[in-house]
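Chains, contacts and geometry: an overview
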Amino acid sequence: MTRLFLVRHGETEWSRDGRHTSVTDLPLTEHGREQALKLFGHLDPRAFGLVLSSPRHRAQITAELAGFVGSHAPQLDEDLVEWAYGDYEGLTSDQIHEHAPGWTVFTRPTPGGETAEQVRSRLTRVIELVRGSGAEQAIVFSHGHALRALTLCWLELDLDVGDRFPLDTSTVSILGEAKGMGSLDQWNAPPR
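All values derive from a computational prediction rather than experimental measurement. The written sequence of each chain sets the order in which its residues are numbered from 1. For this predicted model, a pLDDT threshold of at least 70 governs which residues receive local features, and a threshold of 80 or more governs which side-chain atom pairs are given and counted, while totals over whole chains, interfaces and linings are taken from all residues. Where side-chain values are given, they derive from all heavy atoms of the structure, hydrogens and water being excluded.

Remarks on the environment of Asp 79
Helix and strand assignments come from DSSP, with helices taken as H or I runs of at least 4 residues and strands as E runs of at least 2, each series counted from the N terminus. Topologically, Asp 79 is positioned in the loop between strand E3 (75-76) and helix H4 (93-99). In this structure, the C-alpha to C-alpha distance between Asp 79 and Leu 159, residues 80 residues apart in sequence, is 16 Å. Not counting the four nearest positions on each side in its chain, Asp 79 is found in contact with Arg 122, Leu 123, Arg 125 and Val 126. The term polar contact refers here to a pair of N or O atoms within 3.5 Å; inside protein, the definition further demands a hydrogen-donor-capable atom paired with an acceptor-capable atom, and it admits residues adjacent in sequence only when both atoms are side-chain atoms. Here the side chain of Asp 79 touches Arg 125 through a polar contact of 2.7 Å, side chain to side chain. By definition, residues are in contact when any of their heavy atoms lie within 4.5 Å.

Okay, structure coming up:
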């Protein structure tokens, strides 16, 4: 059974301000860099048989600051990019709600952006890659909505419940199977 670790990138100016960020490739703020550095030493790169990252700078730098460099640097995977927000890129939810009351990326269409089915399709490919890798533990560095959608795909749930899975910047979440997972205290240890 594979355990999949999900790491959301550190804070950017837009994530701090609640602005939807997909294709705009912003750097981490100083606070975001500090957040990512706090992961260093808590995630042992040797413990992961597969390391993947969104190609966006904010995800790659988070991985680097967490210690995933050299032979442990992530493979870049375009399927791990953030949900494409189209016309809503750079807007806050409040700004979007002025024109589309009640909109969430999980429940309503996004003009010029990706559909839920497109997101499900690409994140299902990530899951297939992870499960087919043979790795006991895999880790991905990605983005808030994409990681929530990945979680829902892993759990075989509809994406429309994605708002029930909040994910702060520079956080670690673990997906796996309930039976035989062992203690989560062992997650920093290299596989035996």
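Examining the packing of aromatic side chains
Two rings from Phe, Tyr or Trp (for Trp, the six-membered ring) form a pair when their centres are within 6.5 Å of each other. A pair whose planes differ by under 30 degrees is stacked, one over 60 is edge-to-face, and the rest are tilted. Tallying each qualifying case throughout the model produces five aromatic pairs. Arranged with centres 5.2 Å apart and planes meeting at 65 degrees, the rings of Phe 68 and Phe 141 form a pair that is edge-to-face. Of this pair, Phe 68 sits in the loop between helix H3 (57-65) and E3 while Phe 141 sits in strand E4 (residues 137-142), placing them 73 residues apart in sequence. Residues Trp 83 and Phe 106 carry aromatic rings whose centres are separated by 5.5 Å and whose planes lie at 85 degrees to one another, so their mutual orientation is edge-to-face. Taken together, the residues span a long stretch of sequence, with Trp 83 in the loop between E3 and H4 and Phe 106 in the loop between H4 and helix H5 (116-132) at a distance of 23 residues.

Looking at the environment of His 20
Looking at the element boundaries, His 20 is found in the loop between helix H1 (13-17) and helix H2 (30-39). Relative accessibility decides the category of a residue: with a 1.4 Å probe and only protein chains considered, values under 20% of the type maximum give buried, values over 50% give exposed, and everything between is partly exposed. Among the residues examined, His 20 registers a relative accessible area of 7% and is labelled buried. What His 20 contacts, discounting residues up to four positions off in sequence, is Trp 14, Tyr 85, Tyr 88, Glu 89, Gly 90, Leu 91, Thr 92, Ser 93, Ile 96, Trp 103 and His 145. A polar contact is formed between the side chain of His 20 and the backbone oxygen of Leu 91, at a distance of 2.8 Å.

Brief notes about the side chain of Thr 12
Mapping Thr 12 onto the fold places it in the loop between strand E1 (3-8) and H1. Sequence-distant contacts of Thr 12, that is, excluding residues within four places in its chain, are made with Leu 26, Pro 27, Leu 28, Thr 29 and Arg 58.

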